[in-house]
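Here is how the chains run, residue by residue.
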Amino acid sequence: MGLSAAERQKRYRAHKRGDHTLCDPDRDCRDDVLPVPSPVTGVTRNASRLGVRGQRLWDDMGGAAVDGGRRVVLEEACRIADRLDGLHRLLDGDAQDWLDIVDAKGNPDRQELVIDRLLAEARQQATVLKQLVAELRQSGRAEGDQEQGGSILDQLAAQREKRLANAAGS
């Protein structure tokens, strides 16, 4: 016979406090404890935690040399690339994992194909990855422009001054 809701709640609260006297003796409640993750420092990127595709993106985009906001965007893009690989493996597997045929609501003679949200999530993650990579490319171009002589406005001002100087000298 099962426990009532009040008894389960009492057992749960005692367990959370560290009192295991009410825990089921047939079940080792220590299995419920999750390992404590190491602290996140943000000083350096531990690229070894990346998967194959994420690591390749990190290397291709010059991850070790990137700093500031670009580094954060690149890290997120690498994680999304790895996440997309995981989603692809799930979607590429047995179709029973992500789609089902169910009776239509209100009409038992009709059936509907229900596609799990996994496919929609993969599509959304791919869109976000595309946007992040475009942002990385754009910020890379902006940094290249600044190395050549400042922002685009500075370059336009320099060109204008050069034209004015040439017009005055002729």
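Residues numbered from 1 in each chain as written. Predicted model: local features only at pLDDT ≥ 70, side-chain atom pairs only at ≥ 80, totals over all residues. Heavy atoms only, no water.

### Remarks on the environment of Ile101
Mapped onto the elements of the fold, Ile101 is located in strand β1 (residues 99–104). Under the relative-accessibility criterion, Ile101 is labelled exposed at 54%. Dropping the residues within four chain positions of it, Ile101 is found in contact with Gln111, Glu112 and Leu113. (Helix = DSSP H or I, 4+ residues; strand = E, 2+ residues; numbered from the N terminus. Buried < 20%, exposed > 50% of the residue type's maximum accessible area, 1.4 Å probe, protein only. Contact = heavy atoms within 4.5 Å.)

### A few points about the confidence of the model for the chain
Of the residues in the chain, 76% have a pLDDT of 70 or more, and the chain-wide mean is 75. Low pLDDT, under 50, characterises residues 40–46; the stretch is placed with 5 contacts to residues that sit more than four places away or in other chains. (pLDDT = per-residue confidence, 0-100.)

### A few points about the nonpolar core
Core analysis: the largest hydrophobic core is formed by 15 residues, its most contacted members being Leu57, Leu74, Ala77, Cys78 and Leu129. Contributions of two or more residues to this core are made by α2 (52–60), α3 (69–92) and α4 (117–149). Broken down by element, this core gets its largest block of residues, 7 residues, from α3. (Core = buried A, V, L, I, M, F, W, Y, C linked by side-chain atoms within 4.5 Å.)

### Describing the pattern of salt bridges
Enumeration according to the criterion identifies 2 salt bridges in this entry. With a closest N to O distance of 3.2 Å, Arg53 and Asp85 form a salt bridge. Remark: Asp85 occurs in helix α3 and Arg53 occurs in helix α2; sequence separation between them is 32 residues. Residue classification places Asp85 among the partly exposed residues on the basis of a relative accessible area of 23%. Between Arg79 and Glu76 there is a salt bridge, with the nearest N and O atoms lying 2.7 Å from each other. Residue Arg79 and its partner Glu76 are both found in helix α3; the two are separated by 3 residues, about one turn of the helix. (Salt bridge = Lys/Arg side-chain N within 4 Å of Asp/Glu carboxyl O.)

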